[in-house]
Amino acid sequence: MDCFSFLIDGLSLTGQAVLHIFFISRLTGKKLKIWVFVVHCFLFGIVQAVCVRFSLNGTFSIGAGVLALYAVSRFALGNQRSVSWLAAVLAFYVSQLSFGIINSVEAAVFPRFIGSSLLYLLLLAAQILFFGLCAGCYRAVLKLLSWTENSQTPYMGLLLFPGLFFFAAELYILDTAYSFFSPSVSWEEAGKHGALLFLQVMGLAALLCTLYAYRQLCRGFQAQAALQSLTQAARAQKVYIAEAQLRYEQTKSFRHDIKNHLSVLDGLLKGGRLDEGRAYLKKLEAASDALSFPYQTGNPVVDILLGEKLGLAKEITAEVSLVLPKPCGIDDFDLCVIFANALDNAIAACRSGGGAGSIRISGKRQGEFYMLTFENTCPAGPPAPAGTGLSNIKAVAEKYHGAVLTEKTGQRFSLSVLLNRSSL
């Protein structure tokens, strides 16, 4: 029995250590590394050996294990301090909770098999059930909570306090209820273990409810940030649309008066007043240039937006080979959302890459579908995480039953937006 107990304990400790690292790496989005497993298994084993050698109670060994797992998360995986504490507490809480649930069943059933060879199989089955339950609980937690360096998960450290409360309650149950097992189980004892099992299941449910509430809170923050971004974009688009309407009225007025201007010019030329005619012609050219756009796409709102955005980034080389169809079938406001966010991201990428940078905008029509493509230079390395601007573009694409595709090759980034003009 001693050898079997040693085997079961070794299997349990190794399995827990492996599950801890898997859970933390998935929770924080960090890449798994073999040496991290080895380090944590070594530290975990040292903690357990010291506790056994000096007859320290289980609470001390678990506390030391949490510290060791925090150190691995903080220094080996490079997580932030608050995230490392929370991840370590959650990892141990879930494993101890799973252990407590299995212990409740063991305390009610296993004493009946003391002295029987069937007890070995039951202990081995209980160990397998423990690993399965622990992995299932970890998966449930990961569905409700995940964190990366660039994710919007504010006040994540506050989850440490309810996590510590649940953890302390579970440790108290394990320390007081399962220190000793009765060789025989009465109905009263079975009822006690059933009540403890119920309490621990409720503790798991309370933890999951807390994580669900936190996830909804994070989504609320994200929705609020997206709404603020859309509000700012809407104000900017209204300015572009108003300016486009003003340009249209000015152009209409200029066209209305062009006959009068030509008559005056004709009179000056017929009268031999060539110098005055040239001066008058220059004034007409200046008036015409003031009404023209640096980029001609066929949509005055987009023309103004391109002129405004690219005009403020004169150090960047811009090439626009785009002609929007008429009728376009896409609302001017939606076009502004696409072009404004795509240009802001492209200009920011060009400037962060150093040097002048370049931007190329093109469009291609095929039937009722229209493809907008934005290409720009960018820094080398992995692509930047998607922000609110790209989310706004995706929202417009989904509105028109389209899609968004991003691709990064070397120092070149491409954003393609497919729109179905007949979807509305």
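Residues numbered from 1 in each chain as written. Predicted model: local features only at pLDDT ≥ 70, side-chain atom pairs only at ≥ 80, totals over all residues. Heavy atoms only, no water.

Chemist: With reference to specific residues and values, describe helix H2 (residues 34-53).
Modeler: An α-helical turn contains 3.6 residues, so any two residues separated by three or four positions project in the same direction. Taking 1.5 Å per residue, 20 residues should reach 28 Å; H2 reaches 29 Å between its end C-alpha atoms and fits that length. Val 36, Phe 37, His 40, Phe 44, Val 47, Gln 48 and Cys 51 are the residues of H2 that are buried. Angular distribution of buried residues about the axis of H2 spans 100°; they occupy a single face of the element. In this structure, H2 carries Ile 34, Val 38, Phe 42 and Arg 53 as exposed residues pointing more than 90 degrees from its buried face. (Helix = DSSP H or I, 4+ residues; strand = E, 2+ residues; numbered from the N terminus. Expected span 1.5 Å × (residues − 1). Buried < 20%, exposed > 50% of the residue type's maximum accessible area, 1.4 Å probe, protein only. Arc of directions from axis to C-beta.)

Chemist: Outline empty space enclosed by the protein, supporting the account with residue identities and numerical values.
Modeler: Inspection of the entire model under this criterion finds one cavity of 30 Å³ or more. Volume-wise, the largest cavity comes out at about 30 Å³. Forming the boundary of the largest cavity are Leu 90, Leu 159, Pro 162, Gly 163, Phe 166, Leu 207, Thr 210 and Leu 211. Residue assignment for the lining of the largest cavity shows that the elements contributing at least two residues are helix H6 (160-177) and helix H7 (187-270). Looking at the lining of the largest cavity residue by residue, the classes come out as six nonpolar, two polar and no charged. (1 Å grid on protein atoms, 1.4 Å probe; cavity = no way out; pocket = protein on both sides within 12 Å on 5 of 7 lines; lining within 4 Å. Points joined across faces, edges and corners; volume = space filled by probe spheres on them. Nonpolar A, V, L, I, M, F, W, Y, C, P; charged D, E, K, R; others polar.)

Chemist: How would you summarise the side chain of Ser 98 if you had to cite specific residues and measurements?
Modeler: Examined against the element boundaries, Ser 98 turns out to sit in helix H4 (residues 81-109). A relative accessible area of 0% means that Ser 98 is categorised as buried. Not counting residues up to four positions away in its chain, the partners in contact with Ser 98 are Phe 130, Leu 133, Cys 134 and Cys 137. (Contact = heavy atoms within 4.5 Å.)

Chemist: Could you give an account of the sheet that holds strand E2 (residues 358-366), with specific residues and numbers?
Modeler: Strand order in the open sheet made by the five strands is E1-E2-E3-E5-E4, with mixed pairing throughout. The open sheet is flanked by strand E1 (317-321) and strand E4 (403-409), the only strands paired with a single partner. Between one strand and the next, the sheet's axes are offset by a mean angle of 15°, whatever the strand orientation. By the bridge criterion, five bridges tie E1 to E2 in an arrangement that is parallel. Considered in E2, the bridge of Ala 318 is made with Ile 359. Contacts from helix H10 (residues 332-352) reach E2, strand E3 (369-377) and strand E5 (412-420) within the one sheet, and its direction differs from that of E3 by about 20°. (Pairing = 2+ DSSP bridges. Axes fitted to C-alpha atoms, helices over the stretch in contact; angles between N-to-C directions.)

Chemist: Which residues make up unusual backbone geometry, and what values do they have?
Modeler: In this structure, His 401 is a non-glycine residue whose phi angle is positive, near 55°. Within the fold, His 401 resides in the loop between helix H11 (388-399) and E4. On the basis of relative accessible area, His 401 is assigned to the exposed category, the value being 56%.

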